[in-house]
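Each chain is listed here by its residues.
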Amino acid sequence: MSGRRPLVAGNWKMHGNRASSSALLSTLRSGVGAKAQAEIAVCPPYLYIPLAAETLKGSAIVWGGQNLDVHSSGAYTGEIAGAMLRDHGCTYVIVGHSERRALYGENDVLVAEKYAAAQAAGLIPILCVGETLTERESSQTENVVARQLDTVIEKNGIASFTKAVVAYEPVWAIGTGKTATPEQAQAVHAFIRAKLGKLDRNISGGVRILYGGSVKGSNAKELFSQPDIDGGLIGGASLQAEEFLTIIRAAD
Ligand code: 13P
């Protein structure tokens, strides 16, 4: 991983309730201890972020949001601003997750705007990119990932990647139990790093690129040992404390 500190982030999606979130956060806090080699983050649903802040304060685990609005405040009923996430101590925010792209119509331009809004609020965006199965089968993986990155680069510049994380999440591997093989994932991670490297070698060498899609305790180590995989963005397995702790240990 060449000097990059691994990051393991849990995307809880729309799961849990107060009781289960509280139990999960407490178990993670005690399971991780005061220090960890890898950086660890959890992204609970908005309503449980204050609970995360309360439970994880002073621990080795940081927290973040799963989404934010592009505006900094105003008459946008139902939305949450980056500043509100910062106000609750969030470090990270996920932008461009494939579920938001596919189910809520978020296009590349909106994702690039959310990435900008995150950074403007002092949050580190975790920018998700990745192809669908049809796109992979028609050899479009690199084109799709390049297009998703280009829109962000055009709006925000390559320098913005000093304060961002990229997550490669092949859509066909999300929640399906079908993980990309370490070789498949590494190939796309290397492509992403090389693409950023054409604009700035130093920045591309420092940016963390996470893999996401059916990461489990049993496959994490092999994935994380690839040279361009700097950790993971974990869905389902981040809801089970023991499984998530095993993944964290794989990144250590
Ligand atoms: P799963 O780990 O459940 O496949 O989800 C991955 C994901 O979408 C993380 O953002």
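A few points on the structure. (Residues numbered from 1 in each chain as written. Predicted model: local features only at pLDDT ≥ 70, side-chain atom pairs only at ≥ 80, totals over all residues. Heavy atoms only, no water.)

A few words now on the overall build of the chain. Of regular secondary structure, the chain possesses 11 helices and 8 strands. Over its C-alpha trace the chain gives a radius of gyration of 17 Å, about what one expects of a compact globule, namely 18 Å for 252 residues. Summarising its shape, the C-alpha atoms of the chain cover approximately 45 × 45 × 35 Å along the three principal directions. Among the 252 residues that make up the chain, the fraction classed as buried is 54%. Contacts in the chain between residues far apart in sequence, at least 24 positions, make up 73% of those at least 6 positions apart. For the chain, the computed accessible surface area is about 11100 Å², with 52% contributed by carbon and sulfur atoms. Distance from the positive charge centre (24 side chains) to the negative charge centre (24 side chains) of the chain: 5 Å. (Helix = DSSP H or I, 4+ residues; strand = E, 2+ residues; numbered from the N terminus. Rg over C-alpha atoms; globule rule 2.2 N^0.38 Å. Buried < 20%, exposed > 50% of the residue type's maximum accessible area, 1.4 Å probe, protein only. Contact = heavy atoms within 4.5 Å. Areas by Shrake-Rupley, 256 points an atom, 1.4 Å probe, with all protein chains shown as cover. Lys, Arg positive; Asp, Glu negative; His and termini not counted. Charge placed at Lys NZ, Arg CZ, Asp CG, Glu CD.)

Attention now goes to the pairing of strand 8 (residues 231–234). Of the two faces of strand 8, both are covered, the one formed by Gly231 and Leu233 as well as the one formed by Gly232 and Ile234. Strand direction decides the pairing type here: strand 1 (residues 7–11) and strand 8, joined by 4 bridges, are parallel. When the bridges of strand 8 are listed, Val8 appears paired with Gly232. As defined by bridge partners, strand 7 (residues 208–212) adjoins strand 8 across 2 bridges and the pair is classed as parallel. In the strand pairing of strand 8, Gly212 is matched with Leu233. (Pairing = 2+ DSSP bridges.)

Moving on, we come to the packing of aromatic side chains. Going through the model one piece at a time under the given rule, you end up with 2 aromatic pairs. Consider the rings of Tyr115 and Phe161, whose centres lie 5.6 Å apart with planes at 40 degrees: the pair is tilted. Of this pair, Tyr115 sits in helix 5 (residues 108–120) while Phe161 sits in the loop between helix 7 (141–156) and strand 6 (165–168), and the two are 46 residues apart along the sequence. Summarising the burial analysis for this pair, Tyr115 and Phe161 share the class buried. Taking 6.3 Å as the distance between ring centres and 55 degrees as the angle between the ring planes, the aromatic pair formed by Tyr168 and Tyr211 counts as tilted. (Phe/Tyr/Trp six-rings, centres within 6.5 Å; stacked < 30°, edge-to-face > 60°.)

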